Amino acid sequence: MSDQITFTIDGVEVKAKPGQTIMQAADDAGIYIPRLCYHPELTAHGSCRVCTVIVNGKPQTACTQPAAEGMIVENDTPELLEHRRNLVDMLFVEGNHLCMFCERSGNCELQAMAYRLGILAPKYPYFYPDKPVDSTHKDIFLELNRCILCGRCVNASKDVDGKGVFDFVGRSIDKKIAVNSDKNLKDTTMAVTDKAAQVCPVGSINKKGTAFKIPYGSDIEHKK
Amino acid sequence: MIENLRTEVEQICKSCGNDRTKMMDIVRQVQEKFGQVSSEAMDVISQSVNCTRVEVESVVSFYAFLSKTSKGKVVIRLCNDVVDKMAGLTPVAEAFKKELGIDFGQTTPDGKITLEYTPCIGMCDQAPAALVNDEVVTYLSTDKVKELVADIRKHYDPNKLKHRLGDGNNATDLVHSCVHNGIRKKGRVIFSEYKQEAGLRNALAVSPVEVINEVKNARLRGRGGAGFPTGMKWQFTRAAEGTKKYILCNADEGEPGTFKDRVILTERADMLFEGMTIGGYAIGAESGILYLRGEYAYLRKLLEKVLKDRRDKNLLGKDILGRKGFNFDISIQMGAGAYICGEETALISSCEGLRGDPKTRPPFPAQKGYMGCPSAVNNVETLCCVARILEMGAAWFAEVGSKGSPSTKLLSVSGDCRLPGVYEFPFGIKVSDLLKEVGADDAQAVLVGGPSGQIIGPNDYKRTICYDDLATGGAVVVFGPERDMVKIAAEYMDFFVEESCGYCTPCRVGNVLLKKYLDKILDGKGEPSDLDFLKSLGESIKLTSRCGLGQTSPNPVLTTLKNFRSAYESKVKPAENKFQPTFDIKKAVAVHESIANRKSVIFTE
Ligand SMILES: Cc1cc2nc3c(=O)[nH]c(=O)nc-3n(C[C@H](O)[C@H](O)[C@H](O)COP(=O)(O)O)c2cc1C
Ligand code: SF4
Ligand code: SF4
């Protein structure tokens, strides 16, 4: 029986395989824990903090915390909902997330999370970053003013594509994504078929010619 | 020129074994040689050590002492910590601007001198202070700035600066610095007389497990801030699977107001290395790394010399002191200006040649630390305590102090007090007694534990300094009656905004928001509801942040909100009209007025 871990999420018993994180076990059990930076095929980044749950009284991110026998996990509580709203609000104002003008509207995980958490408008003041748009690549354009620094493109390009097209530069509020060239995306080995081109949760790494592809009504938040 | 750069950078990489994990050493050397790590240099480095160029840029752009753009041959970094501000930073800063004819963040037109601000450099007891490249200048005044700049202009060589010498080892040729030790009170553990190497000899006479037991019996807890039991940490590291193990000494001392490790490094380097060697023996490590903050580079030569002497005396090296099979040596890893690198997993990242991002935990360093090997990270003072425990025994060590916090603690005291400096007191000392000792009769507030600790008022002066009450890594800053505590909180938030690694949302964005709202309040535009807002935002940052920085960064705000509420309340008032106080309708319509080419009929003067 030692190859089976049993623990609870909001009082519901959940089984996990050794080595699984709380997030993986919850997904297998059909229990939803809100998340943004997490991508099931990539190394967990743990940066957005939206999947913060309370484990035996201590906050932990479900995407990085291994499941352990007997642990008591709180997920769907009013306090955590409030913290998650605050986090999503922060991501909204940090970037230029003006959904009505964004070609990813309806196909954006940040927008969907805002709907899910009941956010109608961010309560914090917008920062209005002003990073240049990079549309030099023939198939892809970068609008980093919408980047939520989830690290998916970095990990996908390094670990899956074996290229290392993206990495983080700078620190604090000036931290941002940079490409592996002193110039632009077109000067890297990036291809539209790369995993890194498929994983961006928001309208930051975009494939050209796909704007407004998802008709309203069949978008992420309406499907869930 | 370009070819020259290529060969020289290649040479530097080669001298570091073309090893990607030596990235910090490589980029530090390139920076020193060329005054920048240029785009071309990044290309050469990436080719030499076989990584992507954006990975090199990722590292360079993280550390404050490294830059992609060109800096002057001489870089003046004026410390803008809160304590320096209280000690008269503004006129000193103005004097620098005037003498150099440039603003902060600029380089003189001849390209020779760059002027910058930098957070706490560990000289609060002799503020205002600055770094001139690696050299420290203290007690700055407008006159002194004039002399200093004239002196620099004579030779542009910080080593040739004329200054009086500090006390103790500061006066030796190896340090040759004007820094004062400022030891005000010697306690029984760190600054008393001791028998050098007796602890190490005693340790090597017993088994590693017995050494760990002795440290456990002494109930030694980490002196770096978190207070984790050292014996337990070592037991975990010893027990963890791995052929190679490491002991890392955390000499990053970045918490504003802390400078006690500076004095240990100057006067007790042997004791520190002795403790580290004992630690190496206890956990089964053959290598130790001293992570020295870039700001303390002026101590490097001294420390290297102490290490060399220890090798000569077989206190380091093979079969140490005749103990067959115990091989151990220590190297120094320089930091490059990043407070977060004091966080133990960020420190490890930095040692590995990466950005100073904290790592995902678990795994913890004791399981998978430096280069994936089990590692123990310990504070400078902690390791000194170990040397004394092994010399004098656990019982002697725990004779003083309080129950949960045995023995003594070094406190770095600065701010509005007559006798700033380093004090070694038994744990359990009352804040009021400490204030008497340091000559602070009218303290309005005291910061215990640095900005990541707490700012307390007179109601709490009866409380004690120890792990179970007011915990501290060593910083104590006193604020006199005339200080504006809201402003102080805002200034400490500046520090956290600047020093957040930027990895996680709450710390990266939330701290900026806290600062914005504090500024709004200081600007007279705050509303009563803003105070609840600060509290709720602060609590979200604390609860959801990824590492200790974000988990404590709202403390200056939250603890002043609690203990100095009236200072906030006197600054906020309900909005007079239906607009938010920060919203200026006339300014907002001005653009449209100019487009329409007529004045608004509703919002006129
Ligand atoms: C942001 C941050 C900065 C820190 N800076 C230091 C430091 O400068 N020196 C230090 O010893 N510990 C520092 N720490 C604590 C370390 O993470 C770690 O707990 C400590 O080095 C362990 O040593 P100890 O157990 O001997 O105290 C810092 C922690 C955080 C979160
Ligand atoms: S560009 Fe997209 S995938 Fe990359 S870090 Fe930003 S949000 Fe994440
Ligand atoms: S709390 Fe997050 S952003 Fe802040 S220093 Fe730690 S990991 Fe970096």
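Source: prediction; values computed, not measured.

### Comments concerning the pattern of salt bridges
Under the counting rule described, the total for this entry stands at 61 salt bridges over all chains. Among the salt bridges present, the one from Lys15(A) reaches Glu13(A), with a minimum N-O distance of 3.3 Å. With a shortest N-O distance of 3.7 Å, Lys599(B) and Glu593(B) are connected by a salt bridge. Connected via shared salt-bridge partners are Asp182(A), Asp43(B), Arg53(B), Glu57(B) and Lys68(B).

### Some details on the site of ligand 1
Residues and elements named next belong to chain B. The environment of ligand 1 is formed by 19 residues, the closest being Gly224, Asn250, Glu253, Asn379 and Thr382. Between an oxygen atom of ligand 1 and a main-chain N or O atom of Gly224, the distance comes to 2.7 Å. Gly342 is positioned such that a nitrogen or oxygen atom in its backbone is 3.2 Å from a nitrogen atom of ligand 1. Mapped onto the shell around ligand 1, the elements with two or more residues apiece are strand E10 (375–379) and helix H21 (548–552).

### Looking at the nonpolar core
The biggest cluster of nonpolar side chains holds 197 residues, and the ones touching the most others in it are Phe166(A) and Ile45(B). Broken down by element, the residue count for this core peaks at ten residues, all from helix H18 (residues 485–499) of chain B. Beyond its immediate stretch of four places on either side in the chain, Phe166(A) contacts Leu142(A), Cys153(A), Val154(A), Ser157(A), Ile177(A), Ala178(A), Val179(A), Leu185(A), Met190(A), Ala196(A), Ile205(A) and Val54(B). With 23 residues, the next largest nonpolar core counts Leu89(B), Phe96(B), Leu100(B) and Phe104(B) among its residues.

### Some thoughts on helix H22 (residues 555–563) of chain B
Turn by turn, an α-helix covers 3.6 residues, leaving residues three or four places apart pointing in a common direction. Residues and elements named next belong to chain B. Across the nine residues that make up H22, a large majority, seven, are buried. Buried within H22 are the following residues: Asn555, Pro556, Val557, Leu558, Thr559, Thr560 and Leu561. Close packing links the buried residues of H22 with strand E15 (454–456), H18, helix H19 (505–522), helix H20 (528–544), H21 and helix H23 (565–569).

### Considerations on the domain arrangement of chain A
All names here are of chain A. Partitioning chain A into domains gives domain 1 (5–75) and domain 2 (85–211). Taking only C-alpha atoms, the centre of domain 1 and the centre of domain 2 are 25 Å apart. The interface of domain 1 with domain 2 comprises 15 residues on the first partner and 19 residues on the second. Of all residues in domain 1, Leu36, Leu42 and His45 give up the largest surface area on contact with domain 2, accounting jointly for 44% of the area buried on that side. Between Lys195 and Glu41 there is a salt bridge, with its nearest N and O atoms 2.5 Å apart. Taken together, the residues that form the side of domain 1 that touches domain 2 break down as eight nonpolar, four polar and three charged.

How each quantity is defined
- Here the residue index of a chain counts from 1 through its sequence in written order.
- Chain labels run from A onward and ligand labels from 1 onward, assigned in the order the entries are written.
- Given that this is a predicted model, residues contribute local features only at a pLDDT of at least 70 and side-chain atom pairs are listed and counted only at 80 or more, while totals for whole chains, interfaces and linings are drawn from all residues.
- Hydrogens and water are ignored here; the side-chain numbers use all heavy atoms of the structure.
- Here a salt bridge means any side-chain nitrogen of Lys or Arg lying within 4 Å of a carboxyl oxygen belonging to Asp or Glu.
- Consider each residue's heavy atoms; a residue with any of them within 4 Å of a molecule or strand counts as near.
- Two N or O atoms count as a polar contact when they lie within 3.5 Å, although within protein this holds only if one can serve as hydrogen donor and the other as acceptor, and sequence-adjacent residues are included solely when both atoms are side-chain atoms.
- Each helix is a run of H or I in the DSSP string that is no shorter than four residues. Each strand is a run of E no shorter than two, and both are numbered from the N terminus.
- What makes a nonpolar core is a set of buried Ala, Val, Leu, Ile, Met, Phe, Trp, Tyr and Cys residues whose side-chain atoms join them at distances within 4.5 Å.
- Each residue is assigned to one of three classes by its accessible area relative to the maximum for its type, calculated with a 1.4 Å probe on protein chains only: buried under 20%, partly exposed between the two thresholds, exposed over 50%.
- Should any heavy atoms of two residues lie within 4.5 Å, those residues are counted as being in contact.
- Either an automatic procedure or a domain database provided the assignment from which the domain bounds are taken.
- Buried area adds together the accessible area that both of two parts lose upon being put together, with accessible area traced by a 1.4 Å probe.
- Residue polarity follows a fixed list, in which Ala, Val, Leu, Ile, Met, Phe, Trp, Tyr, Cys and Pro are nonpolar, Asp, Glu, Lys and Arg are charged, and the others, Gly among them, are polar.

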